[in-house]
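What follows is the residue order along each chain.
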Amino acid sequence: SAVISQKPSRDICQRGTSLTIQCQVDSQVTMMFWYRQQPGQSLTLIATANQGSEATYESGFVIDKFPISRPNLTFSTLTVSNMSPEDSSIYLCSVVLETYEQYFGPGTRLTVT
Amino acid sequence: GQNIDQPTEMTATEGAIVQINCTYQTSGFNGLFWYQQHAGEAPTFLSYNVLDGLEEKGRFSSFLSRSKGYSYLLLKELQMKDSASYLCAVLTTDSWGKFQFGAGTQVVVTP
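Residues numbered from 1 in each chain as written. Chains lettered and ligands numbered in written order. Predicted model: local features only at pLDDT ≥ 70, side-chain atom pairs only at ≥ 80, totals over all residues. Heavy atoms only, no water.

## Some thoughts on the sheet that holds strand β6 (residues 53–57) of chain B
Residue and element names in this part refer to chain B. Read from one edge to the other, the open sheet built from five strands follows the order β1-β3-β8-β7-β6, with strand pairing classed as antiparallel. Among the strands making up the open sheet, the edge pair consists of β1 (3–5) and β6. Put simply, the sheet's adjacent strands are angled 15° from each other on average, direction ignored. Where β1 and strand β3 (residues 18–25) come together, three bridges link them in antiparallel fashion. By the bridge assignment for β3, Asn 3 is matched with Gln 25. (Pairing = 2+ DSSP bridges. Helix = DSSP H or I, 4+ residues; strand = E, 2+ residues; numbered from the N terminus. Axes fitted to C-alpha atoms, helices over the stretch in contact; angles between N-to-C directions.)

## Here we look at the state of the cysteines
For the coordinates displayed, the defined rule picks out two disulfides over all chains. Here Cys22(B) is linked by a disulfide to Cys88(B), with a sulfur-sulfur distance of 1.9 Å. Looking down the S-S bond of the Cys22(B) and Cys88(B) bridge, the torsion is -60°, so its handedness is left-handed. With Cys22(B) in strand β3 and Cys88(B) in strand β9 (residues 84–91), this pair connects stretches of sequence that are 66 residues apart. Of the residues examined, Cys22(B) reaches a relative accessible area of 0% and is grouped as buried. Free of any disulfide, Cys13(A) has its nearest neighbouring cysteine sulfur in Cys93(A), separated by 17 Å. (Disulfide = S-S within 2.5 Å. Buried < 20%, exposed > 50% of the residue type's maximum accessible area, 1.4 Å probe, protein only.)

## So, the environment of Gln25(B)
The residue Gln25(B) is located in strand β3 in this model. Along the chain, Gln25(B) and Gly69(B) lie 44 residues apart, while their C-alpha atoms are 6.6 Å from each other.

## Quick look at the sheet that holds strand β3 (residues 19–25) of chain A
Residue and element names in this part refer to chain A. Spatially, the four strands line up as an open sheet ordered β1-β3-β8-β7, and their pairing is antiparallel. Among the strands making up the open sheet, the edge pair consists of β1 (4–7) and β7 (68–72). In this sheet, adjacent strand axes meet at a mean angle of 15° when their direction is disregarded. Here β1 pairs with β3 via four bridges, running antiparallel. Bridged to Gln 6 within β3 is Cys 23.

## Points about the interface of chain A and chain B
Counting from both sides, the interface comprises 21 residues of chain A and, opposite them, 17 residues of chain B. For the pairing of chain A and chain B, the buried interface totals around 1,600 Å² over both sides, and the portion due to carbon and sulfur atoms is 62%. It is Ser42(A), Tyr100(A) and Gln102(A) that lose the most area in chain A upon contact with chain B, and together they represent 34% of the buried surface on that side. Between Lys98(B) and Glu58(A) there is a salt bridge, and its shortest N-O distance comes to 2.8 Å. Contributing elements (two or more residues each) for the side of chain A that touches chain B: β4 (31–37), β5 (43–49), β9 (89–96) and β10 (102–104) of chain A. (Contact = heavy atoms within 4.5 Å. Buried area = accessible area lost by both parts, 1.4 Å probe. Salt bridge = Lys/Arg side-chain N within 4 Å of Asp/Glu carboxyl O.)

Take a look at the structure:
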């Protein structure tokens, strides 16, 4: 299994500012992902966080808006840049083990005013 | 296109059985996974199927038919704590570890 922590757990931010979310895993894991979940909806994959190279973004998500760092196999950050109210959501990081089991962090609840 | 469908909400009585269906059409298939998500919490892994048939894990069972693009999650002996959203997710072949999630089924257990 894997235990994941995220910081901050929640934040209220002003339009036009940026927020960086941190994700820490208790073991080295190759596959790490960032998701967004809007209230009452399912999870949407933002990107795959690749260690040592640029993240791989899904359709509709771009690096300028959601820059991601992955300096090692236990840590990643997601920045939500130039925020607007539409970015209000829960952001979750996850890891997938070689057994295909997927574990999620507790999420960061972001509100943009 | 890619599509994963599951009912929006189901209500059942404590002690009863509920079956949550999931149909999928995705670009490639490496397995179907079920997650439980309580309100305000992260999803937790419940069960998965790679091959056709039934997988049983205690009170929870999951079934898969790849030819029909169909799966179900069976929850037996329902308890109040089973009230949660249940997410169906397909592990695609797009790239390793990439999942596509359904919208989730909200299960409400009543006394």
